[in-house]
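# Tertiary structure, described
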Amino acid sequence: MGRKVTVATCALNQWALDFEGNLQRILKSIEIAKQKGARYRLGPELEICGYGCWDHYHESDTLLHSLQVLAALLVSPVTQDIICDVGMPVMHRGVRYNCRVLFLNRRILLIRPKMALANEGNYQELRWFTPWSRSRQTEEYFLPRMIQEVTEQETVPFGDAVLATQDTCIGSEVCEELWTPHSPHIDMGLDGVEIFTNASGSHHVLRKAHARVDLVTMATSKNGGIYLLANQKGCDGDRLYYDGCAMVAMNGRVFAQGSQFSLADVEVLTATLDLEDVRSYRAEISSRNLAASRVSPYPRVKVDFALSHREDVPEPLSEALEWKYHSVGEEISLGPACWLWDFLRRSQQAGFFLPLSGGIDSAATACLVYSMCHQVCEAVKDGNQDVLADVRAITSQVSYTPQDPQELCGRLLTTCYMASENSSQETSDRARELAEQIGSHHVRLSIDPAVKAVMGIFHLVTGKSPRFAAHGGSSRENVALQNIQARLRMVITYLFAQLSLWSRGAGGGLLVLGSTNVDESLLGYLTKYDCSSADINPIGGVSKTDLRTFVQFCAERFQLPALQRILAAPATAELEPLADGRVSQTDEEDMGMTYEELSVFGRLRKLAKMGPYSMFCRLLHTWAGVYTPRQVADKVKRFFATYSVNRHKAATLTPACHAENYSPDDSRFDPRPLLYRSGWPWQFRCVDTQVLQLERGQRQDLDGVD
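Position labels on residues start from 1 in each chain and follow its written sequence. Two thresholds apply to this predicted model, a pLDDT of at least 70 for residue-level local features and 80 or more for giving and counting side-chain atom pairs, whereas whole-chain, interface and lining totals are computed over all residues. To get the side-chain values, take all heavy atoms of the structure and skip hydrogens and water.

Per an unreviewed UniProt entry, the protein carries the name Glutamine-dependent NAD(+) synthetase and comes from Rousettus aegyptiacus. Quoted verbatim from the Pathway (unreviewed entry) field of the UniProt record, the comment on the protein reads "Cofactor biosynthesis; NAD(+) biosynthesis; NAD(+) from deamido-NAD(+) (L-Gln route): step 1/1." Under the UniProt heading Subunit (unreviewed entry), the entry covering the protein gives this text: "Homohexamer." UniProt positions are given in the numbering used here, feature names are shortened, and annotations may be inferred rather than shown by experiment.

This is the structure:
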């Protein structure tokens, strides 16, 4: 009697609305799963159309093309003799649902709609779908004619049910349901389900992998069972990077770990596990068995099929393993770099153009491209033909095979130091040294003629010439003179991005890379439409603190000594006159707070959901012994005043790779007003009143001391 089952889960690099490519990747994953002996294959959430379709879910075309792909899957010989579990949108009785469609040998077994929708942060599933709210209930779904012609079925079960095969029972969860307080796997497990599956569209955030792994292992630790998690990977056309991490766990331990970051479009994991291990594990948990005796049963869809073979004694079992996590520096070097690769190959551009200032932010951006080149060379070395084909398409060289990351970086990355009369020789040297070490094609130019020309136009019209504050000018003049430099750099950047390859006799254009970190974006410490206005910004979701960790990692991992000088230098925009040839302006002095403090403000504002008063009360204790209550109040008020004055800049932030949960991205993640009453009079008055009470109490304490 068979009891060993081989199951498969996968991570697929799907692309929103790429029905042709998505179909081929699904078929490839099923083929690999069968080659590895699997009798059940799980794919990512909404894999047929791609997760990030957003408002395209409202279109009938998206539903139609998803059904057409499903029909193609049903008739394919590849899908025979294996239970296939695919994700797609389905309309049932005029309502759109996010569904799993399970089928076997040209017949649909069950359509299982998602019951808990993700509707926070980056997710707005309630905008497009409706959750199935009838627990343990199903109804008949009338198949569209194009599917009926394939399956010869008129209706199939639709709802919250489980599959009962000849040898086990399988139950589905979909992404968010694993994260809910009372996940479906709890009651399914009590009702005898032995294999749980979770199809996810879970995006990368720094340090998130731990939570995902803990949830999966805990799901089977308390209740026993086998748990499969599939996930999307790559950039499917938006700000998110889906980071794979497919896995198979049993009884609280991991038995298969997929990569978190990889350039492979299709990754399939299999594990061979013994169902008797689940049964014996559950047998001695008396509290679980007592609860199981009282549970309400799930509707069971009977399947005349077995996941195990009758003669499976000699079949080897998978061994448990310890999950290997990446450090933060590694995560940044891999995640945003993979996102960059997807963006480049799918945009049909020939490379990147990066304004390289000699500071840490643009250096980190350059390092991400260099890390991408490393990963591309490694993938080609490992025989990834898809990556090789993409490289040849990008470089327009059909016989080119990349081997050296520096050489590849020279083809794909153009860096440019745009000097002005306010630039120092130190930053120019740092930019040049880094460009030499990573191999980018480097250009140095002066923007002074352009600045003088524009200011000449202003003088011609108004008869006035603004001056820097260092030369006696007003604050308004000083800011305007800084901004014109920054904005002219953006204009020059796009000119060179479009024509620099042409000037070198090569074809194609370049994607412009921005390099504003999440902290500067939060505070608005940037010029709107300056050289940080770009096509994409790979570091826009990374804090300054984590960027320093990443750059230090790159200095050691890639042997780039130029980065040590960049790390040691103070952060500066170099937009004001030099003092004796040296930088007279630093970013932290301009902001009135350190980058570490700014990260604290960002997390309390977004994650802890605090306004000025509650933030002051929290930091009063956090920073006790470091700052007085009045100093804490001044910093909080300065943050909120500056944040609110500059909030309008969030509407123009360059699309960034999402990597930090306090991102100020106005597009979807952080929908807050663009226009505030920047004085926050009521809120700041509450803070000031509390400061006075604290100071009065401190003075009374001191007066009472003999």
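Having seen it, we continue.
Looking now at the nonpolar core. One broad trend across soluble globular proteins is that nonpolar side chains are buried collectively. The set of buried Ala, Val, Leu, Ile, Met, Phe, Trp, Tyr and Cys residues whose side-chain atoms join them within 4.5 Å is what this entry labels a nonpolar core. For the exposure calls, accessible area comes from a 1.4 Å probe over protein chains only, and a residue counts as buried if that area is under 20% of its type's maximum, exposed if over 50%, partly exposed in between. Ranked by size, the top nonpolar core spans 65 residues in total, and within it Trp341, Phe352, Met372, Val376, Leu434, Phe550 and Leu563 carry the most contacts. Runs of H or I in DSSP of at least four residues are treated as helices and runs of E of at least two as strands, each being numbered from the N terminus. The greatest single-element share of this core, amounting to 14 residues, is contributed by helix H11 (residues 360–381). The source of the domain bounds is an automatic or database domain assignment. There are two domains that each give this core at least three residues, and those are domain 1 (4–314) and domain 2 (329–591). Once you skip the residues sitting within four places of it in the chain, Phe352 turns out to touch Leu340, Leu344, Val369, Met372, Leu412, Leu413, Thr414, Leu510, Leu511, Leu513 and Ile536. Judged by nonpolar contacts, the second largest core, of 51 residues, contains Ala38, Leu46, Leu67 and Trp132. Contacts between residues were defined by any pair of non-hydrogen atoms, one from each residue, lying within 4.5 Å.

Moving on, we come to helix H18 (residues 544–557). The periodicity of an α-helix, 3.6 residues per turn, causes residues three or four places apart in sequence to face the same way. Here H18 spans 20 Å end to end across 14 residues, near enough to the 20 Å set by a 1.5 Å rise per residue. For H18, the set of buried residues is Lys544, Asp546, Leu547, Phe550, Val551, Phe553, Cys554 and Ala555. Its buried side turned inward, H18 meets helix H10 (328–347), H11, helix H17 (518–523), helix H19 (562–568) and helix H21 (595–606). The first or second residue beyond H18 is Gln559, which carries a positive phi of 55 degrees. By definition here, a helix of n residues has an expected span of 1.5 Å times n minus one.

Another aspect to go through is a negative patch on the surface. Two joining distances apply to patches: 9 Å for like charges and 5 Å for nonpolar side chains (Val, Leu, Ile, Met, Phe, Trp, Tyr), and every residue must have over 30% relative accessible area and no salt bridge. Per-residue and other accessible areas were derived by the Shrake-Rupley procedure at a 1.4 Å probe size, with only the shown protein chains allowed to occlude residues. By convention in these notes, a salt bridge is any Lys or Arg side-chain nitrogen within 4 Å of a carboxyl oxygen on Asp or Glu. His residues and chain termini do not enter the charge count, which takes Lys and Arg as positive and Asp and Glu as negative. Charge positions are represented by NZ for Lys, CZ for Arg, CG for Asp and CD for Glu. A cluster of acidic side chains, namely Glu588, Glu589, Asp590 and Glu596, defines a negative patch on the protein surface. Among the elements that make up the negative patch, the one with the highest residue count is helix H20 (residues 587–591) (three residues). Along the chain, Glu589 turns up in helix H20. Under the relative-accessibility criterion, Glu589 is labelled exposed at 60%.

In this section: the packing of H11 against H18. Each axis is a line fitted through C-alpha atoms, and for a helix only the stretch in contact is used; angles between axes span 0 to 180 degrees, taken between their N-to-C directions. At their nearest, the axes of H11 and H18 sit 10 Å apart, and the two run at 55 degrees to each other. One element, H11, and the other, H18, form an angle in the oblique class. Crossing angle aside, the handedness with which H11 passes H18 is left-handed. Residue-level inspection shows Ile360, Asp361, Ala364, Cys367 and Leu368 of H11 in contact with H18, the latter providing Lys544, Leu547, Arg548, Phe550, Val551 and Cys554. Under the scheme applied here, ten amino acids are nonpolar (Ala, Val, Leu, Ile, Met, Phe, Trp, Tyr, Cys and Pro), four are charged (Asp, Glu, Lys and Arg), and all others, including Gly, are polar. Residue classes in the contact of H11 with H18 are distributed as eight nonpolar, no polar and three charged. Should an angle fall under 35 degrees it is taken as roughly parallel, and over 145 as roughly antiparallel, whereas 65 to 115 is taken as roughly perpendicular and any remaining angle as oblique. Throughout, a crossing is termed right-handed when the near helix is turned clockwise from the far one, and left-handed when it is turned anticlockwise from it by less than a right angle.

In contact at an axis separation of 11 Å, H11 and helix H14 (residues 425–438) are set at 5 degrees when each is read in the N-to-C sense. For the element pair H11 / H14, the angle class is roughly parallel. Residues Ala363, Ala366 and Tyr370 of H11 pack against Leu434, Gln437 and Ile438 of H14. For the contact of H11 with H14, the per-class residue count stands at five nonpolar, one polar and no charged.

Time to look at the domain arrangement of the protein. Here the protein is partitioned into domain 1 (4–314), domain 2 (329–591) and domain 3 (593–705). Joining two parts hides part of their accessible area as seen by a 1.4 Å probe, and the buried area is that hidden amount summed over both. Together domain 1 and domain 2 conceal approximately 1,600 Å² of surface at their shared face, both sides included; 58% is due to carbon and sulfur atoms. Looking at the side of domain 1 facing domain 2, the largest losses of area belong to Leu206, Phe261 and Leu263, adding up to 40% of the total buried there. Two residues, Lys28 and Asp386, come together in a salt bridge whose shortest N-O distance is 4.0 Å. Here a polar contact is taken to be a pair of N or O atoms separated by no more than 3.5 Å, where protein atoms must pair a possible hydrogen donor with a possible acceptor and residues adjacent in sequence count only if both atoms sit in side chains. Taken together, the links from domain 1 to domain 2 amount to nine residue pairs in polar contact (both at pLDDT 80 or more). Looking at the side of domain 1 that touches domain 2 residue by residue, the class counts come to nine nonpolar, six polar and seven charged.

Look at the UniProt record and you will see "domain: CN hydrolase" (unreviewed entry) annotated at residues 5–275. The straight-line gap between the two end C-alpha atoms of residues 5–275 is 7 Å; of that span, 26% is helix and 34% is strand.

Counted by the stated rule, this structure contains 38 salt bridges. Across the pair Lys635 and Glu597 runs a salt bridge, and its minimum N-O distance is 3.2 Å. Taken as a pair, Lys635 in helix H23 (residues 629–646) and Glu597 in helix H21 lie far apart in primary sequence, 38 residues in all. Linking Asp670 and Arg605 is a salt bridge whose minimum nitrogen-to-oxygen distance equals 3.1 Å. Here Asp670, found in the loop between H23 and helix H24 (681–703), pairs with Arg605, found in helix H21; they are 65 residues apart in sequence, far enough to count as distant. Overall, Arg605 belongs to the buried group, its relative accessible area being 1%. A single salt-bridge network, built from bridges that share partners, covers Arg605, Lys606, Arg647, Asp670 and Arg672.

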